[in-house]
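Inside the fold
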Amino acid sequence: MRTPRHPAGPAAAGLALLLALAGCTAAPQDGSDTAATGQASATPPVADAPLTATEWTVTSLDGVPVPAGAAGRARFALAPDGTAGGSLGCNRFSAAATVEGATVTFGPVTSTRMACEGPAGAVERALTGLFGAGTLSWTVRGRTLTLTAADGRILTAEAASAAE
């Protein structure tokens, strides 16, 4: 009996083995997606910014980006001593702030009284309402803070860089 011999047999088997091994990459433990690129990330994962002692710049409200006329103007910080302060987009503000676990509650907001119209005024009214909404849940992922009110309103803010 004659055994058929395929000249490409060993090469095809080797290629099949390489393809099978290439599909068996494990998911990375740091949450990065190296399987999609086949290369490890050159930058380590970003550590979560601390909730307090960080200046946060509001980037969106209820999933809608801050309008261009107000972008970068609404900023705030929570201090370790239980106070909060910053800019609502037009007026400066201060308030007591109590952080308990994954929640934060702002006391009454005290602010300057400039008349604020347009996008900055709209952002200011939304922030004043959100800060006065009672207990907010918070999460920080990397350099992004999310505050969520019980009624579903959401604020997203980015941590200022060390150079700012």
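Residues numbered from 1 in each chain as written. Predicted model: local features only at pLDDT ≥ 70, side-chain atom pairs only at ≥ 80, totals over all residues. Heavy atoms only, no water.

**As for the overall build of the protein**
Looking only at helices and strands, one finds three helices and ten strands in the protein. Evaluated residue by residue, the protein yields a buried proportion of 27% over its 164 residues. Considering only intrachain contacts with a sequence separation of at least 6, the fraction spanning at least 24 residues in the protein is 47%. For the protein, the accessible surface area stands at approximately 10200 Å², while carbon and sulfur atoms represent 60% of it. (Helix = DSSP H or I, 4+ residues; strand = E, 2+ residues; numbered from the N terminus. Buried < 20%, exposed > 50% of the residue type's maximum accessible area, 1.4 Å probe, protein only. Contact = heavy atoms within 4.5 Å. Areas by Shrake-Rupley, 256 points an atom, 1.4 Å probe, with all protein chains shown as cover.)

**Some points on helix 3 (residues 118-131)**
Because each turn of an α-helix spans 3.6 residues, side chains separated by three or four positions in sequence point in the same direction. Here helix 3 contains 14 residues, and its C-alpha end-to-end distance of 20 Å stays within 8% of the 20 Å for a straight helix at 1.5 Å per residue. Turning to helix 3, its buried residues are A120, G121, V123, E124, L127, L130 and F131. (Expected span 1.5 Å × (residues − 1).)

**With respect to the nonpolar core**
Most often, soluble globular proteins keep nonpolar side chains buried together rather than apart. Counting 31 residues, the largest nonpolar core has W56, F76, F106, L127, F131, L147 and L155 as its most contacted members. When residues of this core are assigned to their parent elements, the largest contribution, five residues, is made by helix 3. Residues in contact with L155, not counting those within four places in the same chain, are V58, S60, L61, F76, L127, L130, F131, L145, T146 and L147. (Core = buried A, V, L, I, M, F, W, Y, C linked by side-chain atoms within 4.5 Å.)

**Notes on the confidence of the model for the protein**
Per-residue confidence for the protein averages 80 on the pLDDT scale, and 71% of its residues sit at or above 70. Under a pLDDT of 50 for its full length, residues 3-37 has, in the predicted model, seven contacts with residues more than four places off or in other chains. (pLDDT = per-residue confidence, 0-100.)

**Structural notes on the environment of T110**
For T110, the position within the fold is in strand 7 (residues 110-111). Distance in space between the C-alpha atoms of T110 and R92 is 8.4 Å, their sequence separation being 18 residues. With residues up to four places along the chain from it excluded, the contact list for T110 reads R92, F93 and S94.

**As for the side chain of T57**
For T57, the location among the structural elements is in strand 1 (residues 55-61). In this structure T57 comes out as buried when scored by relative accessible area, which is 12%. Looking at T57, its side chain comes within polar contact range of the side chain of R75, at 3.5 Å. What T57 contacts, discounting residues up to four positions off in sequence, is G72, A74, R75, T156, A157 and E158. (Polar contact = N/O pair within 3.5 Å; in protein donor to acceptor, adjacent residues only side chain to side chain.)

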